[in-house]
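# Remarks on the overall topology
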Amino acid sequence: MAPTFYHYSPVAMDDTCKGERGQRLWHRKVPLPQVACLLLVVLLPLGVPLVIFAMEANSERCKDGLRAEMNCRNVTHLLELQLAQAQEGFLEAEARATICNRTAMTLEVEKDQALNQTKKLEGEISKLNLKLQDASAEVERLKKENQDLRSRTRHNHEPDSSSSLAAASSTAPRALLLLGLGLCALLL
């Protein structure tokens with residue numbers, strides 16, 4: 001389908017203004033009393049509230065209200081700053097509390113470990129005490145044997161028995177010395 005063109009005859013703008021109709025629009029005289037009445041009807045309803053508003057805006061009540069509003073804004077700003085500082089302080093305190101809780105938990109775990117180690121060491125000490133009691137009983141038994149041997153040797157003044165007594169008396173202190181050293185090593 002072929003495009004449709006609408007052709008209008010070109011008309012210069014000067015011709016429109018020069019015409020009879022154009023002269024009536026541009027050169028028409030409007031009576032002054034009608035214009036004044038029109039302006040009075042339009043401006044009076046707008047001007048009276050404007051004057052009242054200007055008087056109210058410059059009144060002491062309005063100025064006091066503006067001062068009060070500025071004061072409220074300043075107080076509000078100060079309170080907002082104090083609130084922000086309080087919130088920061090709260091966050092810092094909360095962070096410190098979290099650190100303290102972690103430290104307390106760590107100390108609690110370390111305390112439990114120390115108690116477990118103490119119980120373990122107490123068990124070892126009790127075992128070593130039993131060994132020491134057994135060794136002490138062994139020493140007492142050896143002392144009695146040594147005394148029995150001495151008393152027998154005094155009753156039997158035989159030369160061979162005196163040499164065996166000397167050998168027995170020299171081995172008993174050695175055994176006691178070795179037993180004592182062994183117990184010290186176990187305790188340490």
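What counts and what doesn't
- Residues numbered from 1 in each chain as written.
- Predicted model: local features only at pLDDT ≥ 70, side-chain atom pairs only at ≥ 80, totals over all residues.
- Heavy atoms only, no water.
- Helix = DSSP H or I, 4+ residues; strand = E, 2+ residues; numbered from the N terminus.
- Buried < 20%, exposed > 50% of the residue type's maximum accessible area, 1.4 Å probe, protein only.
- Areas by Shrake-Rupley, 256 points an atom, 1.4 Å probe, with all protein chains shown as cover.
- Expected span 1.5 Å × (residues − 1).
- Bend = angle between axes of the 7 residues up to and from the residue.
- Salt bridge = Lys/Arg side-chain N within 4 Å of Asp/Glu carboxyl O.

Take the overall build of the protein chain next. Each helix and strand counted, the protein chain has five helices and zero strands in total. What you see in the protein chain, going N to C, is helices and strands ordered as α-α-α-α-α. The proportion of buried residues among the 188 residues of the protein chain is 6%. In the form shown here, the protein chain has an accessible surface area of approximately 17,200 Å², with 64% of it arising from carbon and sulfur atoms.

Looking now at helix H3 (residues 32-57). Its 26 residues place the ends of H3 35 Å apart at the C-alpha level, agreeing with the 38 Å of an ideal helix rising 1.5 Å per residue. Where H3 bends most, the angle comes to about 40°, and this point is Leu-43, followed within four residues by the proline Pro-45.

So, about the pattern of salt bridges. Tallying each qualifying case throughout the model produces seven salt bridges. Glu-108 is paired through a salt bridge with Lys-111; the nearest N and O atoms lie 3.8 Å apart. Of the two residues, Glu-108 and Lys-111 are both situated in helix H4 (residues 60-155); the distance of three residues between them amounts to about one turn of the helix. The exposure class of Lys-111 is partly exposed, given its relative accessible area of 44%. The partner of Arg-141 in a salt bridge is Glu-145, with the nearest N and O atoms 2.3 Å apart. One end of the pair, Arg-141, and the other, Glu-145, are both in helix H4, four residues apart, so they sit about a helical turn from each other. Look at Arg-141 and you get partly exposed, because its relative accessible area is 39%. Taken together, the shared-partner salt bridges in this structure form one network comprising Glu-138, Arg-141 and Glu-145.

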